[in-house]
Amino acid sequence: MNSFKNKQQGSALTNLVGGIAILGISVFLLAKLANSGYSADVDLVTENATATRIMPAGNLKLGDGAEPGQRTGKQVFDKVCFQCHAADSSTAFSPKMTHNADWAPRIAKGLDTLFNSALHGFTGQGNMPAKGGATDLTDDEVKRAVVYMANNSGGSFPEPVAGGAASAPASASGAAVAGQAEPEKNTEVAAADDGQAKANFEKSCQACHAANSAIPNAPKLGNKDDWAPRIAQGKDTLFKHAIEGFTGAKGGVMPPKGGSALSDDEVKAVVTYMANQAGAKF
Ligand code: HEC
Ligand code: HEC
């Protein structure tokens, strides 16, 4: 330091340079001090990020912080079931949440049947994959999601407790039937009508109105885009057109009663069935 000082002595610039050098060293040391804590945080974050990256796919998909097995019906619905069961889902034939007419015939089957369909899959006109395809869900989680959907769509099943004992859903389904005497009577009638209408549809209308029909301009079953403008005409107009026959602006041909020997009331029931499959609430 002495020889350095001697060599450069007398220069005002030297003091300035020395000052800057000291300041520079201080800043460097301070930065290093601060940095040491900071780099430890980075390591921690990186560790978590790596753990997340190597997590089994199911956990990652549901990455909602809830322990596997403890997810609520709403959490499961929001992550998995909504894809096909959301109120505005475009999946054909799936009962949409809050569409009570979609759900009434399902609810009438009873909770155990619905649990079974959701757990192991169900194919009616559409295809419900086992556990909605999310095989990492526990059975109880799927059951909670079923109850969540049904109860937001006119059902009144008791809510299974998140993380509850395995036996809870069994007793819950018993309670549901007991607690549901009044609405169940109505849904059973609806289900019976719906079943008859469905059978008549398959016999007399499906040839032109099936979901995959190639008949030009015929509104396809479950296709909301096809049906929205039809439904907007109101049900009396649709009943009339189905009974008397109809040719719209694009020149399709709907024959009177589809060429069938159904009674007027039977045709009306089928129209109701078809429209409701596409989101109407007739
Ligand atoms: C990939 C689409 C898809 C996903 C995801 C999905 N579902 Fe479904 N689900 C359907 C379809 C389509 C139907 C109607 C099947 C039919 O009636 O032909 C259905 C029907 C159902 C039914 C009625 C079964 C019956 O017996 O009438 C229940 C209950 C149900 N789903 C529960 C669930 C639950 C719970 C989840 C989430 C864990 C879920 N679904 C996820 C497509 C899906
Ligand atoms: C031979 C084919 C065919 C059969 C069978 C058939 N339909 Fe149609 N239907 C059509 C076509 C095509 C249209 C569209 C007509 C258009 O808009 O030009 C249509 C339209 C309709 C509409 C909508 C009318 C409107 O005002 O928009 C209803 C409702 C309907 N059909 C009900 C039925 C019912 C119920 C049955 C069975 C009892 C049935 N159809 C059988 C071909 C058929």
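Just so you know, these numbers come straight off a predicted model, no measurement behind them.

Reading the values: the criteria
- Residues numbered from 1 in each chain as written.
- Chains lettered and ligands numbered in written order.
- Predicted model: local features only at pLDDT ≥ 70, side-chain atom pairs only at ≥ 80, totals over all residues.
- Helix = DSSP H or I, 4+ residues; strand = E, 2+ residues; numbered from the N terminus.
- Buried ≥ 20, exposed ≤ 12 C-beta atoms within 10 Å, placed from the backbone.
- Contact = placed C-beta atoms within 7 Å.
- pLDDT = per-residue confidence, 0-100.
- Near = placed C-beta within 6 Å.
- Nonpolar A, V, L, I, M, F, W, Y, C, P; charged D, E, K, R; others polar.
- Arc of directions from axis to C-beta.
- Core = buried A, V, L, I, M, F, W, Y, C linked by C-beta atoms within 7 Å.
- Expected span 1.5 Å × (residues − 1).

## Description of the overall build of the protein
Per the secondary structure count, the protein includes 13 helices and two strands. The burial tally for the protein puts 27% of its 282 residues in the buried class. The contacts of the protein with a sequence gap of at least 6 include a subset with a gap of at least 24, amounting to 59%.

## Structural notes on the confidence of the model for the protein
Looking at the protein as a whole, its pLDDT mean stands at 75, while 65% of the residues score no less than 70. Contacts for the low-pLDDT stretch residues 1-8, under 50 throughout, to residues beyond four places or in other chains number one contact.

## Describing the site of ligand 2
Around ligand 2 sit 31 residues in total, of which C205, C208, G248, G252 and G258 are the nearest. For the shell around ligand 2, the secondary structure elements donating two or more residues are α10 (206-209), α12 (235-244) and α13 (264-277). Residue contributions to the shell around ligand 2 peak at four residues, all from α12. Its residues assigned to classes, the shell around ligand 2 comprises 16 nonpolar, twelve polar and three charged.

## Remarks on helix α6 (residues 111-120)
Turning to α6, its buried residues are L111, L114, F115 and A118. Projected onto a plane normal to the axis of α6, the buried residues spread over an arc of 100 degrees and lie on a single side. Following α6 by one or two positions, G121 has its phi on the positive side, about 95 degrees.

## Concerning the site of ligand 1
In the neighbourhood of ligand 1, 31 residues make up the surrounding shell, with C81, C84, G124, G126 and G132 lying closest. Of all the secondary structure elements, the ones that give two or more residues to the shell around ligand 1 are α4 (73-85), α6, β1 (122-123), β2 (127-128) and α7 (139-151). Tallying contributions element by element places α4 first for the shell around ligand 1, with six residues. By residue class, the composition of the shell around ligand 1 is 15 nonpolar, 13 polar and three charged.

## A word on the nonpolar core
Ranked by internal contacts, the top residues of the largest apolar core, which has 25 residues, are V76, C81, A145, V146, M149 and A150. Among the secondary structure elements, those contributing two or more residues to this core are α4, α5 (100-107), α6 and α7. Apart from residues lying up to four places away in sequence, M149 is in contact with F77, C81, H85 and M97. Counting residues in hydrophobic clusters, the runner-up holds 14 residues, among them C208, L221, V270 and V271.

## Focus on α13
Taking 1.5 Å as the rise per residue, α13 with 14 residues should run 20 Å; its terminal C-alpha atoms sit 20 Å apart, in good agreement. Every buried residue of α13 is accounted for by V267, K268, A269, V270, V271, T272, Y273, M274 and Q277. Just downstream of α13 lies G279, where phi reads positive at about 100 degrees.

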